[in-house]
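# Chains, contacts and geometry: an overview
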Amino acid sequence: MKMKTWALAVVLAVSIPAWFSPAARAQSLGAGFSQVGTPAVSGKVYQFSKIADGVYYATSNGPMATGGNHPIIVNENDVMLVDDGTTPAAARALLEDLKLITNKPVRWVVNTHFHYDHTDGNSIFGPEVQIIGHEYVRKAILDDVLHHEPFKTSVGNISIQAEALKKQIADEKDAGKRATLETQIAVVQADLEELKNIKPTPPTMTYSSKMTLYSGQREIQILFLGRGHTRGDTVVYLPKERIVCTGDLMESRLAYMGNGVFDEWVTTLDALKELDFDAVLPGHGVPFHEKSLITAFQYYLKDLMSQVGVLRKQGLSAEQAAQKVDLTSHKADFPQIQSPGADLRGVRRMYEWMDERAGR
Ligand SMILES: [Zn+2]
(Lines give C-alpha, C1' and ligand atoms only; values in the text may rest on other atoms or scores of the structure.)
Protein backbone atom coordinates (compact mmCIF):
# COMPACT_ATOMS: atom_id res chain seq x y z
CA MET A 1 0.00 0.00 0.00
CA LYS A 2 1.42 3.37 -1.02
CA MET A 3 0.67 4.97 2.33
CA LYS A 4 2.75 2.40 4.14
CA THR A 5 5.78 3.06 1.94
CA TRP A 6 5.47 6.74 2.75
CA ALA A 7 5.01 6.06 6.45
CA LEU A 8 7.97 3.71 6.54
CA ALA A 9 10.05 6.26 4.69
CA VAL A 10 9.45 8.87 7.37
CA VAL A 11 10.16 6.44 10.20
CA LEU A 12 13.42 5.38 8.64
CA ALA A 13 14.32 8.93 7.68
CA VAL A 14 14.46 9.72 11.35
CA SER A 15 17.10 7.13 12.05
CA ILE A 16 18.71 6.28 8.71
CA PRO A 17 18.78 9.41 6.52
CA ALA A 18 20.99 7.73 3.91
CA TRP A 19 18.31 5.16 3.17
CA PHE A 20 15.87 7.91 2.39
CA SER A 21 16.51 8.18 -1.32
CA PRO A 22 15.31 11.26 -3.18
CA ALA A 23 13.64 9.08 -5.79
CA ALA A 24 11.68 7.12 -3.19
CA ARG A 25 10.42 10.23 -1.52
CA ALA A 26 9.62 12.08 -4.72
CA GLN A 27 7.57 9.14 -5.84
CA SER A 28 5.67 8.79 -2.61
CA LEU A 29 5.03 12.47 -1.88
CA GLY A 30 4.14 13.90 -5.24
CA ALA A 31 4.95 17.23 -6.82
CA GLY A 32 4.19 19.42 -3.81
CA PHE A 33 7.11 17.99 -1.86
CA SER A 34 10.16 18.48 -4.01
CA GLN A 35 12.76 19.00 -1.27
CA VAL A 36 13.68 15.35 -1.34
CA GLY A 37 16.37 13.59 0.59
CA THR A 38 16.40 16.13 3.39
CA PRO A 39 18.21 14.54 6.29
CA ALA A 40 16.52 14.37 9.64
CA VAL A 41 18.07 16.48 12.39
CA SER A 42 18.48 14.76 15.74
CA GLY A 43 18.57 16.54 19.07
CA LYS A 44 18.94 15.09 22.56
CA VAL A 45 15.28 14.13 22.76
CA TYR A 46 13.58 15.05 19.48
CA GLN A 47 14.24 14.41 15.83
CA PHE A 48 12.98 16.63 13.06
CA SER A 49 11.96 15.43 9.61
CA LYS A 50 11.62 18.13 7.00
CA ILE A 51 8.23 17.89 5.29
CA ALA A 52 8.22 21.12 3.23
CA ASP A 53 10.01 24.48 3.36
CA GLY A 54 9.80 25.55 6.99
CA VAL A 55 7.57 22.64 7.97
CA TYR A 56 9.00 19.91 10.17
CA TYR A 57 7.66 16.91 12.02
CA ALA A 58 9.20 16.33 15.46
CA THR A 59 9.20 12.87 16.98
CA SER A 60 10.97 11.27 19.90
CA ASN A 61 12.33 7.77 20.24
CA GLY A 62 12.41 7.24 23.96
CA PRO A 63 15.00 9.08 26.08
CA MET A 64 12.09 10.90 27.72
CA ALA A 65 8.31 10.43 27.81
CA THR A 66 7.22 13.18 25.45
CA GLY A 67 3.62 12.53 24.37
CA GLY A 68 2.57 13.09 20.81
CA ASN A 69 4.47 14.17 17.72
CA HIS A 70 4.71 17.83 16.76
CA PRO A 71 4.35 19.57 13.45
CA ILE A 72 6.62 22.65 13.64
CA ILE A 73 5.92 25.60 11.35
CA VAL A 74 8.84 27.99 10.91
CA ASN A 75 7.64 31.32 9.48
CA GLU A 76 9.60 34.38 8.34
CA ASN A 77 9.92 35.80 11.84
CA ASP A 78 8.50 33.27 14.24
CA VAL A 79 7.63 29.66 14.91
CA MET A 80 4.40 27.81 15.58
CA LEU A 81 4.35 24.55 17.51
CA VAL A 82 1.44 22.21 17.08
CA ASP A 83 0.99 20.73 20.57
CA ASP A 84 3.61 21.02 23.26
CA GLY A 85 4.25 17.73 25.00
CA THR A 86 3.15 15.67 27.92
CA THR A 87 5.05 17.51 30.67
CA PRO A 88 6.85 20.84 31.15
CA ALA A 89 10.16 18.95 30.86
CA ALA A 90 9.18 17.54 27.45
CA ALA A 91 8.26 21.03 26.22
CA ARG A 92 11.59 22.44 27.46
CA ALA A 93 13.44 19.63 25.69
CA LEU A 94 11.53 20.41 22.50
CA LEU A 95 12.48 24.11 22.69
CA GLU A 96 16.11 23.17 23.33
CA ASP A 97 16.29 20.78 20.38
CA LEU A 98 14.39 23.19 18.17
CA LYS A 99 17.49 25.42 18.19
CA LEU A 100 19.02 22.89 15.81
CA ILE A 101 16.61 23.94 13.07
CA THR A 102 15.86 27.58 13.84
CA ASN A 103 16.76 30.46 16.14
CA LYS A 104 13.45 32.23 15.56
CA PRO A 105 11.22 32.58 18.60
CA VAL A 106 8.16 30.44 19.25
CA ARG A 107 5.23 32.86 19.19
CA TRP A 108 2.35 30.45 18.66
CA VAL A 109 1.36 27.13 20.12
CA VAL A 110 -1.75 25.31 18.94
CA ASN A 111 -3.37 22.78 21.26
CA THR A 112 -5.10 20.38 18.89
CA HIS A 113 -7.22 19.15 21.83
CA PHE A 114 -7.20 19.13 25.62
CA HIS A 115 -5.46 15.79 26.28
CA TYR A 116 -2.50 16.13 28.60
CA ASP A 117 -0.02 14.64 26.13
CA HIS A 118 -0.75 17.60 23.82
CA THR A 119 -1.14 20.48 26.28
CA ASP A 120 0.91 20.00 29.40
CA GLY A 121 3.87 21.94 28.05
CA ASN A 122 1.60 25.03 28.06
CA SER A 123 2.76 26.19 31.49
CA ILE A 124 6.35 26.89 30.40
CA PHE A 125 5.42 29.68 27.99
CA GLY A 126 5.38 33.36 28.90
CA PRO A 127 2.94 36.04 27.74
CA GLU A 128 4.86 36.53 24.47
CA VAL A 129 3.51 33.19 23.28
CA GLN A 130 -0.13 32.85 22.30
CA ILE A 131 -1.59 29.43 23.02
CA ILE A 132 -4.44 28.78 20.62
CA GLY A 133 -7.15 26.20 21.12
CA HIS A 134 -10.80 25.56 20.44
CA GLU A 135 -12.99 27.17 23.11
CA TYR A 136 -13.81 23.69 24.43
CA VAL A 137 -10.11 23.09 25.18
CA ARG A 138 -10.01 26.05 27.55
CA LYS A 139 -13.23 24.91 29.22
CA ALA A 140 -12.00 21.30 29.58
CA ILE A 141 -8.60 22.29 31.03
CA LEU A 142 -10.20 24.70 33.53
CA ASP A 143 -12.72 22.03 34.54
CA ASP A 144 -10.36 20.13 36.87
CA VAL A 145 -8.75 18.33 33.95
CA LEU A 146 -6.41 16.22 36.09
CA HIS A 147 -9.41 14.47 37.63
CA HIS A 148 -10.96 13.53 34.31
CA GLU A 149 -9.94 11.05 31.62
CA PRO A 150 -7.47 10.49 30.16
CA PHE A 151 -5.19 11.99 32.83
CA LYS A 152 -7.09 10.41 35.74
CA THR A 153 -6.01 6.87 34.92
CA SER A 154 -2.71 7.72 33.23
CA VAL A 155 -0.69 7.97 36.43
CA GLY A 156 -2.08 4.62 37.59
CA ASN A 157 -1.31 3.02 34.23
CA ILE A 158 2.28 4.31 34.28
CA SER A 159 2.69 3.01 37.86
CA ILE A 160 1.47 -0.42 36.74
CA GLN A 161 3.98 -0.28 33.88
CA ALA A 162 6.77 0.58 36.35
CA GLU A 163 5.82 -2.32 38.64
CA ALA A 164 5.76 -4.73 35.69
CA LEU A 165 9.22 -3.57 34.61
CA LYS A 166 10.59 -4.00 38.15
CA LYS A 167 9.34 -7.59 38.17
CA GLN A 168 10.85 -8.25 34.73
CA ILE A 169 14.21 -6.85 35.89
CA ALA A 170 14.16 -9.05 39.01
CA ASP A 171 13.48 -12.15 36.84
CA GLU A 172 15.90 -11.33 34.01
CA LYS A 173 19.12 -13.34 34.03
CA ASP A 174 20.71 -11.83 30.92
CA ALA A 175 22.78 -8.75 31.86
CA GLY A 176 22.30 -7.04 28.48
CA LYS A 177 18.51 -7.42 28.54
CA ARG A 178 18.46 -6.28 32.17
CA ALA A 179 20.35 -3.12 31.21
CA THR A 180 17.75 -2.35 28.50
CA LEU A 181 14.92 -2.86 31.00
CA GLU A 182 16.70 -0.62 33.50
CA THR A 183 16.91 2.14 30.89
CA GLN A 184 13.19 1.71 30.24
CA ILE A 185 12.27 1.89 33.90
CA ALA A 186 14.38 5.03 34.35
CA VAL A 187 12.30 6.74 31.63
CA VAL A 188 9.02 5.55 33.19
CA GLN A 189 10.03 6.67 36.70
CA ALA A 190 11.22 10.06 35.44
CA ASP A 191 7.88 10.39 33.63
CA LEU A 192 5.98 9.67 36.86
CA GLU A 193 8.01 12.36 38.65
CA GLU A 194 7.49 14.85 35.82
CA LEU A 195 3.73 14.29 35.80
CA LYS A 196 3.73 15.85 39.29
CA ASN A 197 5.07 19.06 37.75
CA ILE A 198 2.09 19.51 35.47
CA LYS A 199 0.24 22.79 35.95
CA PRO A 200 -2.90 22.72 33.82
CA THR A 201 -2.74 25.86 31.69
CA PRO A 202 -5.52 26.72 29.24
CA PRO A 203 -5.16 28.37 25.83
CA THR A 204 -4.80 32.16 25.91
CA MET A 205 -6.66 32.56 22.61
CA THR A 206 -9.73 30.56 21.67
CA TYR A 207 -11.94 30.29 18.62
CA SER A 208 -15.15 28.45 17.78
CA SER A 209 -15.11 27.51 14.10
CA LYS A 210 -12.23 29.04 12.12
CA MET A 211 -9.32 31.40 12.54
CA THR A 212 -6.65 32.32 9.98
CA LEU A 213 -3.18 33.53 10.91
CA TYR A 214 -0.84 35.24 8.48
CA SER A 215 2.83 35.33 9.36
CA GLY A 216 5.01 36.64 6.55
CA GLN A 217 4.10 34.61 3.48
CA ARG A 218 2.57 31.84 5.53
CA GLU A 219 -1.15 31.31 5.80
CA ILE A 220 -2.18 29.06 8.66
CA GLN A 221 -5.80 28.03 9.05
CA ILE A 222 -6.98 26.88 12.46
CA LEU A 223 -10.12 24.83 11.84
CA PHE A 224 -12.80 23.15 13.90
CA LEU A 225 -14.39 20.65 11.52
CA GLY A 226 -16.72 19.10 14.09
CA ARG A 227 -16.54 16.93 17.20
CA GLY A 228 -14.75 13.61 17.10
CA HIS A 229 -11.76 12.47 19.14
CA THR A 230 -12.96 15.05 21.70
CA ARG A 231 -15.55 17.79 21.71
CA GLY A 232 -12.99 20.36 20.55
CA ASP A 233 -10.43 19.09 18.03
CA THR A 234 -8.43 21.54 15.95
CA VAL A 235 -7.00 20.84 12.54
CA VAL A 236 -4.11 23.08 11.42
CA TYR A 237 -4.20 23.52 7.68
CA LEU A 238 -1.55 25.05 5.43
CA PRO A 239 -3.41 25.57 2.12
CA LYS A 240 -0.38 26.63 0.06
CA GLU A 241 1.79 23.76 1.26
CA ARG A 242 -1.15 21.34 1.10
CA ILE A 243 -0.42 20.00 4.56
CA VAL A 244 -2.91 19.25 7.31
CA CYS A 245 -2.04 18.62 10.98
CA THR A 246 -4.79 16.50 12.49
CA GLY A 247 -3.86 15.94 16.15
CA ASP A 248 -5.62 12.77 17.30
CA LEU A 249 -8.73 13.37 15.21
CA MET A 250 -6.91 11.26 12.61
CA GLU A 251 -3.76 9.33 13.47
CA SER A 252 -1.97 6.81 11.28
CA ARG A 253 -2.97 4.24 13.91
CA LEU A 254 -6.05 3.75 16.08
CA ALA A 255 -6.64 6.73 18.36
CA TYR A 256 -7.53 6.69 22.06
CA MET A 257 -11.33 6.79 22.24
CA GLY A 258 -12.07 7.62 25.87
CA ASN A 259 -13.59 11.01 25.00
CA GLY A 260 -14.98 10.17 21.57
CA VAL A 261 -18.16 11.53 20.03
CA PHE A 262 -18.38 8.61 17.70
CA ASP A 263 -21.06 9.29 15.07
CA GLU A 264 -19.92 12.90 14.70
CA TRP A 265 -16.31 11.68 14.45
CA VAL A 266 -17.23 9.89 11.22
CA THR A 267 -18.82 13.01 9.69
CA THR A 268 -15.97 15.23 10.89
CA LEU A 269 -13.59 12.94 9.03
CA ASP A 270 -15.71 13.47 5.91
CA ALA A 271 -15.10 17.21 6.36
CA LEU A 272 -11.37 16.53 6.77
CA LYS A 273 -11.33 14.64 3.46
CA GLU A 274 -12.89 17.67 1.77
CA LEU A 275 -9.71 19.67 2.42
CA ASP A 276 -7.17 19.79 -0.37
CA PHE A 277 -3.97 18.25 0.99
CA ASP A 278 -1.09 15.96 0.09
CA ALA A 279 0.27 15.25 3.56
CA VAL A 280 -1.29 14.49 6.92
CA LEU A 281 0.86 15.14 10.01
CA PRO A 282 -0.91 13.31 12.84
CA GLY A 283 -0.60 13.70 16.63
CA HIS A 284 0.72 10.15 16.95
CA GLY A 285 2.10 7.63 14.49
CA VAL A 286 3.66 8.66 11.20
CA PRO A 287 2.82 11.12 8.41
CA PHE A 288 0.80 9.77 5.52
CA HIS A 289 -0.94 11.15 2.49
CA GLU A 290 -3.66 8.77 1.41
CA LYS A 291 -7.25 9.72 2.10
CA SER A 292 -8.07 6.01 1.92
CA LEU A 293 -6.58 5.60 5.42
CA ILE A 294 -9.12 8.14 6.70
CA THR A 295 -11.90 6.16 5.04
CA ALA A 296 -10.50 2.97 6.61
CA PHE A 297 -10.65 4.61 10.04
CA GLN A 298 -14.25 5.66 9.38
CA TYR A 299 -15.08 2.03 8.60
CA TYR A 300 -13.40 0.97 11.84
CA LEU A 301 -15.43 3.47 13.85
CA LYS A 302 -18.69 2.41 12.20
CA ASP A 303 -17.91 -1.27 12.75
CA LEU A 304 -17.02 -0.65 16.41
CA MET A 305 -20.25 1.32 16.95
CA SER A 306 -22.34 -1.34 15.32
CA GLN A 307 -20.75 -4.28 17.21
CA VAL A 308 -20.83 -2.50 20.57
CA GLY A 309 -24.48 -1.49 19.93
CA VAL A 310 -25.46 -5.14 19.40
CA LEU A 311 -23.56 -6.40 22.46
CA ARG A 312 -25.01 -3.66 24.63
CA LYS A 313 -28.53 -4.61 23.52
CA GLN A 314 -27.75 -8.21 24.49
CA GLY A 315 -27.11 -6.95 28.02
CA LEU A 316 -23.33 -7.29 28.08
CA SER A 317 -21.31 -4.91 30.25
CA ALA A 318 -18.78 -2.56 28.65
CA GLU A 319 -16.02 -4.80 30.02
CA GLN A 320 -17.53 -7.88 28.37
CA ALA A 321 -18.18 -6.02 25.12
CA ALA A 322 -14.58 -4.75 25.00
CA GLN A 323 -13.39 -8.36 25.10
CA LYS A 324 -15.92 -9.67 22.63
CA VAL A 325 -15.82 -7.17 19.75
CA ASP A 326 -13.83 -8.43 16.80
CA LEU A 327 -12.18 -5.82 14.60
CA THR A 328 -9.47 -8.05 13.20
CA SER A 329 -10.89 -7.48 9.70
CA HIS A 330 -9.34 -3.97 9.92
CA LYS A 331 -5.87 -5.34 10.65
CA ALA A 332 -4.49 -4.61 7.18
CA ASP A 333 -5.04 -0.87 7.74
CA PHE A 334 -4.29 -0.86 11.47
CA PRO A 335 -1.68 -3.54 12.21
CA GLN A 336 -1.87 -2.86 15.94
CA ILE A 337 -5.05 -5.01 15.92
CA GLN A 338 -3.59 -8.40 16.75
CA SER A 339 -6.61 -10.21 18.19
CA PRO A 340 -10.30 -9.70 19.00
CA GLY A 341 -11.14 -7.07 21.63
CA ALA A 342 -10.85 -3.30 21.85
CA ASP A 343 -9.54 -0.75 24.33
CA LEU A 344 -11.87 -0.78 27.35
CA ARG A 345 -11.69 3.00 27.82
CA GLY A 346 -13.08 3.52 24.33
CA VAL A 347 -15.86 0.94 24.78
CA ARG A 348 -16.83 2.41 28.18
CA ARG A 349 -17.05 5.82 26.55
CA MET A 350 -19.15 4.34 23.74
CA TYR A 351 -21.65 2.99 26.29
CA GLU A 352 -21.81 6.43 27.90
CA TRP A 353 -22.23 8.07 24.49
CA MET A 354 -25.04 5.65 23.58
CA ASP A 355 -26.78 6.64 26.83
CA GLU A 356 -26.31 10.31 25.92
CA ARG A 357 -27.80 9.68 22.49
CA ALA A 358 -30.75 7.84 24.00
CA GLY A 359 -31.31 10.78 26.36
CA ARG A 360 -30.71 8.70 29.45
ZN1 LIG B 1 -5.75 12.64 22.31
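In this report, we go over the structure that sits alongside the text. Since the model is a prediction, treat every value here as computed from it, not as a measurement.

With that out of the way, let us pick up the overall build of the protein chain. When helices and strands are tallied, the protein chain shows 11 helices and 13 strands. Every one of the 360 residues in the protein chain was classed for burial, and the buried ones make up 41%. Pairs at least 24 apart in sequence give 63% of the contacts found in the protein chain among residues at least 6 apart.

Moving on: the packing of helix α6 (residues 151–171) against helix α7 (residues 175–195). When two helices pack together, their arrangement is captured by the angle between the axes and the distance separating the axes. Running from amino to carboxyl end, α6 crosses α7 at an angle of 155 degrees, the nearest separation of the two axes being 10 Å. Relative to α7, α6 is oriented roughly antiparallel. Taken as a pair, α6 and α7 cross one another with a handedness that is left-handed. Contacts between α6 and α7 involve Val155, Ile158, Ser159, Gln161, Ala162, Leu165, Lys166, Gln168 and Ile169 from the first element and Arg178, Leu181, Glu182, Gln184, Ile185, Val188, Gln189, Asp191, Leu192 and Leu195 from the second. Considering only residue class, the contact of α6 with α7 consists of 10 nonpolar, five polar and four charged.

In terms of residue burial, strand β6 (residues 106–111) counts as a mostly covered element, since five of its six residues are buried. Pairing between strand β5 (residues 79–82) and β6: four bridges, direction parallel. Bridge pairing links Met80 to Trp108 in β6. For the crossover that starts at β5, traverses helix α3 (residues 88–98) and ends in the parallel β6, the hand is right-handed. Across four bridges, the pairing between β6 and strand β7 (residues 130–134) is parallel. Of the residues in β7, the one forming a bridge with Asn111 is Gly133.

Here Leu225 lies in the loop between β10 (218–223) and β11 (235–238). According to the C-beta neighbour criterion, Leu225 is buried, with 22 such atoms within 10 Å. Measuring from C-alpha to C-alpha, the distance between Leu225 and Leu249 comes to 9.9 Å, with 24 residues separating the pair along the chain.

Another aspect to go through is unusual backbone geometry. Cis geometry marks the peptide bond from Glu149 to Pro150; its omega dihedral reads 5 degrees. With respect to the helices and strands, the residue Pro150 is situated in the loop between α5 (135–142) and α6. Positioned with a positive phi, Asp83 is a non-glycine residue whose angle comes to about 70 degrees. Within the secondary structure, Asp83 sits in the loop between β5 and α3. Owing to 31 C-beta atoms within 10 Å, Asp83 belongs among the buried residues under this scheme.

For the rest of this paragraph, the subject is the environment of Ile337. Structurally, Ile337 is set in the loop between α10 (318–324) and α11 (344–357). It is 9.7 Å that separates the C-alpha atoms of Ile337 and Arg253, two residues lying 84 residues apart in sequence.

To continue, consider the sheet that holds strand β4 (residues 70–74). Taken together, eight strands build an open sheet; the order of strands is β1-β2-β3-β4-β5-β6-β7-β8 and the sheet is mixed. Looking at the sheet topology across the chains shown, the edges are occupied by β1 (41–42) and β8 (205–207). In this fold α3 packs onto β2 (46–52), β3 (55–60), β4 and β6, with an angle of close to 60 degrees to the strand it touches most, β2. Sitting on the sheet, α5 touches β6, β7 and β8, and the angle it makes with β7 is about 100 degrees.

This part takes up the nonpolar core. Core analysis: the largest hydrophobic core is formed by 71 residues, its most contacted members being Val235 and Ile243. Broken down by element, this core gets its largest block of residues, seven residues, from helix α9 (residues 291–313). Every residue in contact with Ile243, bar those within four places of it in the chain, is listed here: Ile51, Ala52, Val55, Leu238, Phe277, Ala279 and Leu281. By size, the runner-up hydrophobic cluster in this structure holds eight residues, among which are Phe114, Ala140, Ile141 and Val145.

Cut-offs used in this document
- Residues numbered from 1 in each chain as written.
- Predicted model: local features only at pLDDT ≥ 70, side-chain atom pairs only at ≥ 80, totals over all residues.
- Helix = DSSP H or I, 4+ residues; strand = E, 2+ residues; numbered from the N terminus.
- Buried ≥ 20, exposed ≤ 12 C-beta atoms within 10 Å, placed from the backbone.
- Contact = placed C-beta atoms within 7 Å.
- Axes fitted to C-alpha atoms, helices over the stretch in contact; angles between N-to-C directions.
- Parallel < 35°, antiparallel > 145°, perpendicular 65-115°, else oblique.
- Left-handed = near helix turned anticlockwise from the far one by under 90°.
- Nonpolar A, V, L, I, M, F, W, Y, C, P; charged D, E, K, R; others polar.
- Pairing = 2+ DSSP bridges.
- Right-handed = clockwise from strand over helix to strand, strands pointing away.
- Core = buried A, V, L, I, M, F, W, Y, C linked by C-beta atoms within 7 Å.

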